[in-house]
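Here's the letter readout for the chains.
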Protein chains: 2
Amino acid sequence: MGKTAVVALGGNALTREGQAGTYEEMEANANAMARSVASLMRAGWRVVVVHGNGPQVGNLAIHQEEGTKLVPTQPLFSLGAMTEGELGSIIVMALRRMTDGARSRGAVAVVTHVVVNPDDPAFDDPTKFIGPFLDKEQADAMAAERGWVVKKDSNRGYRRVVPSPEPVAILEAAAIRALVEQGQVVVAAGGGGVPVVRYPSGFGGIDAVIDKDYAAQVLANSIPAEALVLVTGVDTVLLNYGTPEQKPIHEMAVTEAEEYLATGQFPEGSMGPKVRAAIRFLRSGGEHAVITSPELVYASLKESVTELEGETGTKIVRVRPLIAGM
Amino acid sequence: MGKTAVVALGGNALTREGQAGTYEEMEANANAMARSVASLMRAGWRVVVVHGNGPQVGNLAIHQEEGTKLVPTQPLFSLGAMTEGELGSIIVMALRRMTDGARSRGAVAVVTHVVVNPDDPAFDDPTKFIGPFLDKEQADAMAAERGWVVKKDSNRGYRRVVPSPEPVAILEAAAIRALVEQGQVVVAAGGGGVPVVRYPSGFGGIDAVIDKDYAAQVLANSIPAEALVLVTGVDTVLLNYGTPEQKPIHEMAVTEAEEYLATGQFPEGSMGPKVRAAIRFLRSGGEHAVITSPELVYASLKESVTELEGETGTKIVRVRPLIAGM
C-alpha cells in the first residue's frame, strides 16, 4: 500500500479572483486541480483532498439572505455542509475525469464534521469575516434580529464576523481511513468541515468557520498520512515579504519555522496558518510537509520524499541536516 | 458480519406537511427517524439510509432564484449535491445521537452520483415538478431565458418540470460497500443522488430528479444488501385505495404485485414506484422487501426475516408459500 498525502486547497482554487462563481468556472478549475492530484497518484500516492469554501459559502449566504422572506434561512454551519456536497461533487467528478488510468478505485466525497471546544477562546473573539457586505443599517438589523456579531471590514462596509476555533477531532476519521485503505481518493473536511460541539444530547452544529489548513492537519495526523501538502497562490513561502530583502525559503526546520512565526514573518490572514499547520503535523508524527503552488505539488513532494535538494516549493522538515547559507 | 438493510425515507420525513423547513424542524424529525434505524441496528442489522429531498431542494431553489441578481445560480443537479451535504449532515448527527450503544463504528454521509442513460425516454417527457410556483409571465421568461420546460401544476400556477430518468448505476457503490463492511451506518444517494451521464470527457451532471426509491433499489442490489425497506406515510400498502373495498395487504408475491401494478392499483405519484422498487429488488437477487411507516420498520423487517406471520407492514416476497384469504 502506498503512502498517503493530504492535499489542502483554498476555496479560491475553485472560484478564482475576479470570477463570479458559476458552475462552469468551478468545474474548469476543479479539472485543473485534479491534474495535480492525478500526478501524485501516478507516483503511487494515496490522496485525500481538503478544500476551502470561502467564495462558495459566501455566495450561498447571499442566496439565503435574498430568499429569507419566502423560506427559512439555514444556519451557517449547515451552509458549510451544503458546500461540502456542492464542491465535493464538483471535485469528485473532476478527479474521476483526470485520474482515469491512475491507481484509484474511485473518488468519493465525505460530509465531514469537525469537533471544536466550546471553551475555545475564539468564541469570545470572532475574527473571521463571512458573507455579503452590509450597510450600517442592515448590519444593525442583523445584529438585533439574529444576534450576529457584525464588524467593519475594510472600507467596503460591514460584514458578519464568526469565531474560528481550533479543530480538535474529525468525527469521520475512521470512515475516511477505511476509504483510503480501499484505494479511494477521498474529498473530506471541505471548508474546514462542519463545526460541531458536544452538547448533553450529543454532537450538534455551531456557527463558526474552521481554518481548512488546520482541519487538514488534524485529519492528516488522524489517518495517519505521511505527507501534508498545503497549496497556495505562490510557489514558496517568502521571508521578509514585501521588503527589499524578500527571498524564497526552500527548506526550513520546525524550530526555524517556529522562530519565524514568533517574529511575525508570516501574516495570520495568509501564510501563518499554513506554516503552523505544517509544524503541528510534523510535531504530531507526520513525515513530510510542503507549502507550494498547484503547479509544483508533485515536484515538491517528490523532492521532499527523496530528500533531493531542489528549488521548488517550501519543505518544512523535522531537523535540517545542514544549515547552509543562513 | 450482520445483514444489510437499505432504508429509504421521503424528504417529507424531514420536513413534514405544513412545516416551513427550518433547521430545528429537520433536526427533530431526523432524531425521530434515527430511532427506527437504531432499533434495526440493535437487532444486528447494518443500515444504509437513502433520503428524499423534495421540500429541501425546493426551498434551496427559491433561495437561489431570489439571489440570482447578485451571484450566479447553480444548476439543479448541484442543488441536489448541496442537499446531500445539508441533509446528510443532519441525519448523521441524529444517527450518532440515537445509535449510541448500538453496534456501530460511526455514521457517515457520502455525496453520491447516480448514472442515468441520456437516451432514457424520460428526457423527452419531463414529468417531475420542482421548485417554486410561478405566474404565466415568470414561467414564459424562465422558459425563454434558461430553456426550462414549464407546465401548469394543478390550480396553483406554473412550475418547472424536469425528467425523472431511471437510475442505472451508483458511482460510489464500492465506497459505500467498504464503509458498510467497516461497520458504519451510511447515508447515501440522498434525493436519489446527483444525476450524471457519461460525456466524452467523463461523467458530468444533468438536470433531472431520480426517484429515490429506485435509486435505493439500485444501491441495495449493488452493495448487495439483504433487505430493502421503503418507508412511507402509511403502515401498509392498500388495495382498492379510496373505495369501500379498501383493505391493507400484509404480504404479496412479486407476481401478485406485478398484476396489481398492471391493473393500476398503485398510483405513479405515490405507491407505484415503491412497489416497483420492491419487485426489482427481489427480481435482482434481494431477499426481503418491506413497505411500511417509520413506526413499523423494525417489526415489519423482523417479521419478514423470521417468516413470522403478522399484521404489521407490507412484505413483498418472491413466492407466497400459501395463498390464503384472497
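Residues numbered from 1 in each chain as written. Chains lettered and ligands numbered in written order. Predicted model: local features only at pLDDT ≥ 70, side-chain atom pairs only at ≥ 80, totals over all residues. Heavy atoms only, no water.

A.B. asks: Please explain the relation of the copies chain B and chain A as it appears in this structure.
C.D. replies: In screw terms, the move from chain B to chain A is a rotation of 180° and a rise of 0.0 Å along the axis, fitting with an RMSD of 0.0 Å. Such a combination of rotation and displacement between the chain copies is what one expects of a two-fold axis. Both copies share a contact surface, since 98% of the interface residues of chain B are interface residues in chain A too. (Least-squares fit on C-alpha atoms with pLDDT ≥ 70 in both. Contact = heavy atoms within 4.5 Å.)

A.B. asks: Whenever I open this one, the confidence of the model for chain A confuses me. Can you help?
C.D. replies: Caution is warranted with low-pLDDT regions, since their predicted coordinates should not be read in detail. For chain A, the mean per-residue pLDDT works out to 91, and 97% of the residues sit at or above 70. Under the prediction, the complex receives an ipTM of 0.92, its pTM being 0.93. (pLDDT = per-residue confidence, 0-100.)

A.B. asks: Is there a simple way to explain the nonpolar core in this structure?
C.D. replies: Ile176(A), Phe266(A), Ile176(B) and Phe266(B) are the most contacted members of the largest nonpolar core, which has 98 residues in total. In this structure, Phe266(A) is in contact with Val237(A), Leu238(A), Leu239(A), Ile249(A), Met252(A), Ala257(A), Tyr260(A), Leu261(A), Met271(A), Gly272(A) and Val275(A), ignoring residues within four places of it in sequence. With 83 residues, the next largest nonpolar core counts Ile90(A), Met93(A), Ala5(B) and Val187(B) among its residues. (Core = buried A, V, L, I, M, F, W, Y, C linked by side-chain atoms within 4.5 Å. Buried < 20%, exposed > 50% of the residue type's maximum accessible area, 1.4 Å probe, protein only.)

A.B. asks: When you look at the environment of Arg16(A) in this model, what are you seeing that I'm missing?
C.D. replies: All names here are of chain A. Along the chain, the position of Arg16 falls in the loop between strand 1 (4–9) and helix 1 (23–42). Residues Arg16 and Asn29, 13 residues apart in the sequence, show an inter-C-alpha distance of 8.1 Å. Apart from residues no more than four positions distant in its own chain, Arg16 is found in contact with Asn29 and Ala32. (Helix = DSSP H or I, 4+ residues; strand = E, 2+ residues; numbered from the N terminus.)

A.B. asks: Looking at this model, I keep getting lost on helix 9 (residues 297–306) of chain B. Mind explaining?
C.D. replies: Working note: α-helix, 3.6 residues per turn, so residues spaced by three or four point in the same direction. Residue and element names in this part refer to chain B. Among all positions of helix 9, only Val297, Ser300, Leu301, Glu303 and Ser304 are buried. Viewed along the axis of helix 9, the buried residues span an arc of 160°, placing them on a single side of the element. One or two positions beyond helix 9, positive phi appears at Glu307, with a value near 55°. (Arc of directions from axis to C-beta.)

A.B. asks: I would appreciate a short explanation of the interface of chain B and chain A in the present structure.
C.D. replies: Accessible area lost during the coming together of the parts is what is often quoted as the interface size. Contacts between chain B and chain A engage 52 residues on the former and 51 residues on the latter. Both faces considered, chain B and chain A share a buried interface measuring about 4,200 Å² in area, 66% of it formed by carbon and sulfur atoms. Where chain B packs against chain A, one counts zero salt bridges. Put simply, chain B and chain A have 18 residue pairs in polar contact (both at pLDDT 80 or more) between them. Contributing elements (two or more residues each) for the side of chain B that touches chain A: helix 1 (23–42), helix 2 (54–67), helix 3 (76–98), strand 3 (107–111), helix 5 (173–181), strand 10 (194–199) and strand 11 (202–205) of chain B. The element contributing the most residues to the side of chain B that touches chain A is helix 3 of chain B, with twelve residues. In terms of residue class, the side of chain B that touches chain A is built from 27 nonpolar, 18 polar and seven charged. With three bridges connecting them, strand 3 (residues 107–111) of chain A and strand 3 of chain B associate as antiparallel partners. Note that in strand 3 of chain B the partner of Ala109(A) across the bridge is Val111(B). (Buried area = accessible area lost by both parts, 1.4 Å probe. Salt bridge = Lys/Arg side-chain N within 4 Å of Asp/Glu carboxyl O. Polar contact = N/O pair within 3.5 Å; in protein donor to acceptor, adjacent residues only side chain to side chain. Nonpolar A, V, L, I, M, F, W, Y, C, P; charged D, E, K, R; others polar. Pairing = 2+ DSSP bridges.)

A.B. asks: I would appreciate a short explanation of the sheet that holds strand 6 (residues 150–153) of chain B in the present structure.
C.D. replies: Sheets are built from strands paired through backbone hydrogen bonds, the pairs being either parallel or antiparallel. Residues and elements named next belong to chain B. Strands sit in the order 5-7-6 across an open sheet of three strands; the sheet is antiparallel. Among the strands making up the open sheet, the edge pair consists of strand 5 (128–134) and strand 6. Adjacent strand axes in the sheet meet at a mean angle of 45°, parallel and antiparallel pairs treated alike. Bridge count for strand 6 against strand 7 (residues 157–162) is four bridges, and the pairing is antiparallel. When the bridges of strand 7 are listed, Lys151 appears paired with Arg159. Each of strand 5, strand 6 and strand 7 is contacted by helix 4 (residues 136–146), which is oriented at about 125° to strand 5, the strand it contacts most. (Axes fitted to C-alpha atoms, helices over the stretch in contact; angles between N-to-C directions.)

A.B. asks: For this particular structure, what's the right way to read the packing of helix 2 (residues 54–66) of chain A against helix 2 of chain B?
C.D. replies: Helix packing geometry: the angle between the two helix axes and the distance between the axes. Viewed as axis vectors pointing N to C, helix 2 of chain A and helix 2 of chain B meet at an angle of 95°, and their least axial separation amounts to 7 Å. Compared by their axis directions, helix 2 of chain A and helix 2 of chain B come out roughly perpendicular. On the side of helix 2 of chain A, the interface is formed by Leu60(A), His63(A), Gln64(A) and Glu66(A), while helix 2 of chain B contributes Leu60(B), His63(B), Gln64(B), Glu66(B) and Gly67(B). In the contact of helix 2 of chain A with helix 2 of chain B, the residues fall into two nonpolar, five polar and two charged. (Parallel < 35°, antiparallel > 145°, perpendicular 65-115°, else oblique.)

A.B. asks: Before we go on, may I ask you to explain the pattern of salt bridges in this structure?
C.D. replies: Opposite charge on two side chains makes pairing possible when the charged atoms of those side chains draw close. Residue and element names in this part refer to chain A. Applying the stated criterion to the full structure yields 22 salt bridges over all chains. The partner of Arg97 in a salt bridge is Glu27, and the shortest N-O contact between them spans 3.3 Å. With Arg97 in helix 3 (residues 76–98) and Glu27 in helix 1, this pair connects stretches of sequence that are 70 residues apart. What makes Arg97 buried here is its relative accessible area of 15%. Note on Glu27: relative accessible area 23%, which makes it partly exposed. For Glu268, the salt bridge goes to Arg276, with nearest N and O atoms at 2.8 Å. Owing to a relative accessible area of 22%, Arg276 belongs among the partly exposed residues under this scheme. One continuous salt-bridge network, built from bridges that share partners, spans Lys212, Asp213 and Lys274.

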